[in-house]
Amino acid sequence: MSLEKIQQVEKEIFELTQKLNVLRAESPSSEVPDYGFTTLQGDTTLRQLFAGRRHLMVIHNMGQACRYCTLWGDGINGFLPHLESVLSVVLISKDAPEVQRRFANSRHWQFQMVSHAGGAFMQEQSPSRQGDNAPGVSLYELQGDKVLLKNSSKFGPYDQFFSIWHL
């Protein structure tokens, strides 16, 4: 395969990514409940996770047992200061808060950690839309007293969210 063919495919991928981003931006939002969670500091709600911001990025993590979720966490952790300059970011899993923090510390993660304990949030907000403990990312928006799900996407091999796949 020639370098020109590779560059043409890369250009097509770029153009498709631009189209995908437009579709994501135009997708309708849906109101979600103000779910409850557990942290090392105690109980909290989805609304409280916004911490005064308009947008909240939730990283769905399957927990310490998932090596791929660890890779995504490691990669996103490097971008965390940039992300947090424009929105609130939390990493959520079913693991207990103490387990989350111990594992996060071992990876030098700076994420705010939240546990859904396998409850309603996982079942209703899973990026797979099948109610399972799937990895991915969701963007929520606060509009007045409503919490809206703006968009959600699964993580998977060769996704657009983890730069190491492409190296």
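Everything below is about the structure printed above this text.
Please read these numbers as outputs of a predicted model, since none were measured by experiment.

Q: How would you sum up the pattern of salt bridges? Please name residues and give values.
A: Across all of its chains, the model carries four salt bridges by this definition. Across the pair E15 and K11 runs a salt bridge whose closest N-O atoms are separated by 3.8 Å. Placement of both E15 and K11 in helix α1 (residues 3-26) is noted, with a separation of four residues, approximately one turn of the helix. Between R47 and D34 there is a salt bridge whose closest N-O contact spans 3.9 Å. Note that R47 is positioned in helix α2 (residues 46-49) and D34 in the loop between β1 (30-32) and β2 (36-39), a separation of 13 residues in sequence. On the accessibility criterion, D34 (35% relative accessible area) is partly exposed.

Q: Give a description of the pairing of strand β3 (residues 42-45) that names residues and reports values.
A: In the sheet, β2 pairs with β3 via four bridges, with the strands oriented antiparallel. The residue bridging T38 from the neighbouring strand is D43, located in β3. Linkage of β2 to β3, two consecutive antiparallel strands, is achieved through a turn of two residues.

Q: I'd like a description of the nonpolar core, backed by residues and values.
A: Residues M57, I59, V89, W109 and F111 are the most contacted members of the largest nonpolar core, which totals 19 residues. Among the secondary structure elements, those contributing two or more residues to this core are β4 (55-60), α3 (67-84), β5 (88-93) and α4 (97-107). With four residues, α3 is the largest single contributor of residues to this core. Excluding anything up to four places from it in sequence, F111 contacts I59, G73, I76, N77, L80, V89, L91 and R101. Judged by nonpolar contacts, the second largest core, of 15 residues, contains V58, V90, V147 and L149.

Q: Please provide a residue-by-residue account of the environment of W165, values included.
A: Within the secondary structure, W165 sits in the segment after β8 (146-154). The buried category is assigned to W165, whose relative accessible area is 16%. The spacing of W165 and Y68 is 97 residues in sequence and 11 Å in space, taken between C-alpha atoms.

Q: Run through the layout of surface pockets, naming residues and quoting values.
A: When its volume is computed, the largest pocket comes out at roughly 550 Å³. Together, 19 residues line the largest pocket, and R24, M57, L83, V137 and F161 are the ones closest to its centre. Counting only elements with at least two residues in the lining of the largest pocket, the list comes to α1, α3, β7 (136-143) and β8. Among the residues forming the lining of the largest pocket, the class breakdown is 10 nonpolar, eight polar and one charged.

Definitions and cut-offs
Residues numbered from 1 in each chain as written. Predicted model: local features only at pLDDT ≥ 70, side-chain atom pairs only at ≥ 80, totals over all residues. Heavy atoms only, no water. Salt bridge = Lys/Arg side-chain N within 4 Å of Asp/Glu carboxyl O. Helix = DSSP H or I, 4+ residues; strand = E, 2+ residues; numbered from the N terminus. Buried < 20%, exposed > 50% of the residue type's maximum accessible area, 1.4 Å probe, protein only. Pairing = 2+ DSSP bridges. Core = buried A, V, L, I, M, F, W, Y, C linked by side-chain atoms within 4.5 Å. Contact = heavy atoms within 4.5 Å. 1 Å grid on protein atoms, 1.4 Å probe; cavity = no way out; pocket = protein on both sides within 12 Å on 5 of 7 lines; lining within 4 Å. Points joined across faces, edges and corners; volume = space filled by probe spheres on them. Nonpolar A, V, L, I, M, F, W, Y, C, P; charged D, E, K, R; others polar.

Nothing here speaks to function; it is geometry throughout.
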